[in-house]
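Listed below, chain by chain, are the residues.
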Amino acid sequence: MTIGTNWVAHHGGFAEGIEVWAVATQEDDFMPNVNVLTQAIGDMTLEDYSALSLRNAPLLIADFRLLESRTARGPDGSLLAVLDFTGTGVGRRLHFLAVWTVRDGRAIVATLTTPVGSFDRIRATIEPYLLTLAAS
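Residues numbered from 1 in each chain as written. Predicted model: local features only at pLDDT ≥ 70, side-chain atom pairs only at ≥ 80, totals over all residues. Heavy atoms only, no water.

Asker: Can you walk me through helix α2 (residues 119-130) in this structure?
Answerer: Turn by turn, an α-helix covers 3.6 residues, leaving residues three or four places apart pointing in a common direction. Taking 1.5 Å of rise per residue, 12 residues should cover 16 Å, yet α2 covers just 14 Å from first to last C-alpha, more than 12% shy of that figure. Along α2, the residues classified as buried are F119, I122, R123, I126, E127 and L130. Projected down its long axis, α2 shows its buried positions confined to an angular sector of 120 degrees, all on one face. Exposed residues on α2 whose side chains face more than 90 degrees from its buried face are R121 and A124. On the buried face of α2, the contacting elements are β3 (33-40), β4 (62-73), β5 (79-89), β6 (92-103) and β7 (106-115). (Helix = DSSP H or I, 4+ residues; strand = E, 2+ residues; numbered from the N terminus. Expected span 1.5 Å × (residues − 1). Buried < 20%, exposed > 50% of the residue type's maximum accessible area, 1.4 Å probe, protein only. Arc of directions from axis to C-beta. Contact = heavy atoms within 4.5 Å.)

And the structure:
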């Protein structure tokens, strides 16, 4: 999954600048999805952006709980941050898998969001694609 560093979504259904794709059937009035965004980050490194994201997560996601934080190598050799976490959003417990990379002053972030009960099943299908994230 290659996302250009100059790409900016203008038609995301969730919020301005965020593109969202449904990845499974709706369950309990929630549509499991992957969202992608790019964000200007100046001269921050992957480590800097990851640290900032972890500091800010509890402010943005109610009941934030980090389950795993690691790095992986993308198919182009670039370093990816991988975060597995849970939290409360849109009135329900959700499970997230976020993958990001940085290049040319931009962070490219792809996040799987599912209800807690279906995360493992959906993750098995979606995570391999998230781990192909690359910036062009």
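Let's pick the thread back up.
Asker: Help me understand the packing of aromatic side chains, please; the structure alone is not making it clear to me.
Answerer: Centre distance and the angle of the planes are the two values used to describe a pair of aromatic rings. Counted under the stated rule, the structure contains 3 aromatic pairs. Seen in terms of ring centroids, Y49 and W100 are 5.5 Å apart; in terms of plane orientation they differ by 90 degrees. Their pairing is edge-to-face. Of this pair, Y49 sits in helix α1 (residues 46-60) while W100 sits in strand β6, and the two are 51 residues apart along the sequence. Judged by relative accessible area, W100 falls into the buried class, the value being 5%. An angle of 45 degrees between the planes, with centres 5.3 Å apart, marks the rings of F64 and F85 as tilted. Of this pair, F64 sits in strand β4 while F85 sits in strand β5, and the two are 21 residues apart along the sequence. For F85, a relative accessible area of 7% translates into the label buried. Taken together, the ring pairs in this structure connect F64, F85 and F96 into an aromatic cluster. (Phe/Tyr/Trp six-rings, centres within 6.5 Å; stacked < 30°, edge-to-face > 60°.)

Asker: Explain the environment of A98 to me, please; I cannot follow it from the model alone.
Answerer: With respect to the secondary-structure elements, A98 resides in strand β6. In this structure, the C-alpha to C-alpha distance between A98 and N35, residues 63 residues apart in sequence, is 9.4 Å. In contact with A98, other than residues within four places in its own chain, are A81, V82, L83, F85, A110 and T111.

Asker: Sorry, what's going on with the pairing of β6 here?
Answerer: Consecutive residues of a regular strand have side chains that alternate between opposite faces of the sheet. Pairing between β5 and β6: 9 bridges, direction antiparallel. Within the sheet, the bridge partner assigned to G87 lies in β6 and is L94. Between β5 and β6, which pair antiparallel in sequence order, lie 2 residues; one of them, V90, sits at a positive phi of approximately 45 degrees. Bridge count between β6 and β7: 10 bridges; the pairing is antiparallel. (Pairing = 2+ DSSP bridges.)

Asker: What exactly am I supposed to notice about the environment of S50 here?
Answerer: Residue position: S50 is located in helix α1. According to the relative accessible area criterion, S50 is buried, its value standing at 13%. When the C-alpha positions of S50 and L83 are compared, they lie 9.2 Å apart, and in sequence the two are 33 residues distant. Excluding its chain neighbours within four sequence positions, the residues that come into contact with S50 are A81 and W100.

Without other data, these values stay purely geometric and don't point to any function.
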